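Understanding the architecture of this molecule
Here is how the chains run, residue by residue.
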Amino acid sequence: MTFHDPETSPRRAARAEAERRATAAITLPETRMDADEAPSRRDLRSRTSAPGIPRLAAIPLLVRRRIAVAALALVVVASGAVAIGAAVASGQTPTAEPQAAAAIAGPPAVPAEGLPVPVIAEAPAPKSPCDDPAFTSALASGDDGATIAAIGGGEAFRSAVASGIAPCVSLADATRQWVVVNKQRPYDPANYRPNDLVMPNGVRALEDSALRQRAADALSKLVQAAEDAGAGEIGYLSAFRSYETQQKTYAARVSVGGVAEADKESARAGFSEHQSGLAVDIVPCSRSCGTLDDVGGSTQGAWVRDHAWEYGFITRYVDGRIDVTGYEPEPWHLRYIGPELAKAYHDGGYTTLEEFFGLPAAPTY
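Residues numbered from 1 in each chain as written. Predicted model: local features only at pLDDT ≥ 70, side-chain atom pairs only at ≥ 80, totals over all residues. Heavy atoms only, no water.

Examining the overall build of the chain
- Helix and strand counts for the chain come out as 13 helices and 6 strands.
- Relative to its 365 residues, the chain shows a buried fraction of 35%.
- Within the structure as shown, the chain displays about 21500 Å² of accessible surface, and the carbon and sulfur contribution to it stands at 57%. (Helix = DSSP H or I, 4+ residues; strand = E, 2+ residues; numbered from the N terminus. Buried < 20%, exposed > 50% of the residue type's maximum accessible area, 1.4 Å probe, protein only. Areas by Shrake-Rupley, 256 points an atom, 1.4 Å probe, with all protein chains shown as cover.)

In C-alpha cells:
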C-alpha cells in the first residue's frame, strides 16, 4: 500500500494557502543564507518557531485565524492612535463622521420646561352668505335673480346651500324658484297655491293651465327659440295643478294600475311639482299636437334636451334615476329653476335636483 505524504497532498496545499493568508500580518524574522542552501518548506516552518513555542502548523486552523484577526485589530488601533497623536500635536481636533458623532452624542437633552407642544391652528369656518347684508337684503326682497347674483351666481348659490353654510335659504319655501318638492318633501301648507299664475304668451295650450309669471315668460321664449331654430312648434298639455286637481289625477292612476304603479308616474296631492306653478308638460306640435309619449323621439324633444337650460328649465325626471326621484323618466316634464341655477345644473352634469342641492334621495313616501 502506498502512503501519500500529507505535506504534499492537494488538501495540505489548500490549507497551506489559508495559513499564508491568515498569517500575512505576522512578520517573520529575516534569515540570511546562501543561495545553494535554500531551505525546504519544512525548514522554513521549523525556523519560525521559537524554542518552547509550538510550530504554527501545529496550531489548529481556527486558532490561527483568531490570532491573525487579533493582530490586524492591533495594527488598526495602533494606526488610529498614531493619527490622533499627530493631529493633537499639530493643534487640530479630530472630527468624527456626522453619523458616528450623532451616535456618540445621543439625542439632545430635554429642556427643563419640557418639549414644546405644537399648536395647530384651526381652519377658519367658511363665511356664510347669511352674514352678508347685501345677500340677506336681496333674499328678503323676494327677488330670486337678485339673490343669486348677490352671492356670485348659480354655482356659488348651489354650493352654499348644498354645503349647509346658507341656513337662511329654505329649499322648502314654495314661493322660491329653488324649492325642492319630492316624495319626502311635501308643501307646507299641503294645499299651497301661488298667487302669480298667468297663461304664457304665444304658446299653444291644450288645456286651461297656467304657470307662475317667471316660468310663463321663460316658456314663451323657449318655444319661440325652438321654432326659430327649425325644431318645430312646442305646445303644452298641463302646467299648474291645484291640490284638489292632483287628488283626482292621482286617484285616476291608482284605479288603472294600483298604488305602486301610480307612485311611479304620478305624485300624490301635496307632493306634486305641478302644484308649484313651476312645472309644465310639453308636447310636440305641427298642425296638431302629439302626446306626452311623442316628446322623447321628436325634434322638439331633442332640441329641449340640449337647450332648455338656457331658458331656466331642466328635465326633472330622466332615465335611470328612479332610485333618487322615485319616478319613471318623463322627457316631457320640464321644471323651471331660473337661468342662473339651470346653467349651474347643466355645467355640473347633474341629473336630479336632489343631488344638485345635496339632498337625500327620495324614491318612496
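Observations concerning the pattern of salt bridges
- Applying the stated criterion to the full structure yields 16 salt bridges.
- Between Asp-281 and Arg-241 there is a salt bridge; the shortest N-O distance is 3.3 Å. With Asp-281 in strand β4 (residues 279-285) and Arg-241 in the loop between β3 (233-238) and α9 (243-265), this residue pair connects regions lying 40 residues apart in the sequence.
- You can call Arg-241 buried: its relative accessible area is 17%. (Salt bridge = Lys/Arg side-chain N within 4 Å of Asp/Glu carboxyl O.)

Here we look at unusual backbone geometry
- The omega angle of the peptide bond from Asp-188 to Pro-189 is 10°, so this bond is cis rather than trans.
- Tracing the chain through its elements places Pro-189 in the loop between α7 (154-163) and β1 (197-198).

A word on the side chain of Arg-212
- Looking at the element boundaries, Arg-212 is found in strand β2 (residues 211-212).
- For Arg-212, the side chain forms a polar contact with the main-chain oxygen of Thr-175, separated by 2.9 Å.
- Beyond its immediate stretch of four places on either side in the chain, Arg-212 contacts Ala-174, Thr-175, Arg-176, Tyr-192, Pro-194, Asp-196, Leu-197, Ser-276, Gly-277 and Leu-278. (Polar contact = N/O pair within 3.5 Å; in protein donor to acceptor, adjacent residues only side chain to side chain. Contact = heavy atoms within 4.5 Å.)

A look at the pairing of strand β6 (residues 330-336)
- Counting buried positions along β6 yields 6 of 7 residues, so the element is predominantly enclosed.
- Taken together, the 3 bridges between β4 and β6 define a ladder with antiparallel strand orientation. In the sheet register, Ala-279 faces β6, and the bridge partner there is Arg-335.
- One ladder, built from 4 bridges, connects strand β5 (residues 313-317) with β6; its direction is antiparallel. Within β6, the residue paired with Phe-313 across the bridge is Tyr-336. (Pairing = 2+ DSSP bridges.)

Observations regarding the sheet that holds β3
- In space, the 4 strands of this open sheet follow the order β3-β4-β6-β5, with antiparallel pairing throughout. Only two strands of the sheet have a single neighbouring strand rather than two, namely β3 and β5. Taking the axes of each pair of neighbouring strands and ignoring which way they run, one obtains an average angle of 50° across the sheet. (Axes fitted to C-alpha atoms, helices over the stretch in contact; angles between N-to-C directions.)

Observations concerning the state of the cysteines
- Tallying each qualifying case throughout the model produces 2 disulfides.
- In this model, Cys-130 is linked to Cys-168 through a disulfide, with the two sulfur atoms separated by 2.0 Å. Measuring the twist about the S-S bond at about -90°, one finds the Cys-130-Cys-168 disulfide to be left-handed. Within this pair, whereas Cys-130 is found in the loop between α4 (98-105) and α5 (133-141), its partner Cys-168 is found in the loop between α7 and β1, the two being separated by 38 residues in sequence.
- The exposure class assigned to Cys-168 is partly exposed, which follows from its relative accessible area of 31%. (Disulfide = S-S within 2.5 Å.)

Regarding the confidence of the model for the chain
- Averaged over all residues, the pLDDT of the chain equals 84, while 70% of them reach at least 70.
- Counting interchain partners and residues more than four positions distant, the pLDDT-below-50 stretch residues 31-36 has 4 contacts.
- Across residues 48-53 the pLDDT falls below 50, and counting only partners more than four positions away or on other chains, this stretch makes 4 contacts in the model. (pLDDT = per-residue confidence, 0-100.)

Describing the packing of aromatic side chains
- The tally for this structure, following the rule as stated, stands at 10 aromatic pairs.
- Between the aromatic rings of Tyr-187 and Tyr-192, the centroid separation amounts to 5.8 Å while the plane-to-plane angle is 15°, which identifies the pairing as stacked.
- When its relative accessible area of 5% is taken as the criterion, Tyr-187 is described as buried.
- Accessibility expressed as a relative area gives 13% for Tyr-192, which makes it buried. (Phe/Tyr/Trp six-rings, centres within 6.5 Å; stacked < 30°, edge-to-face > 60°.)

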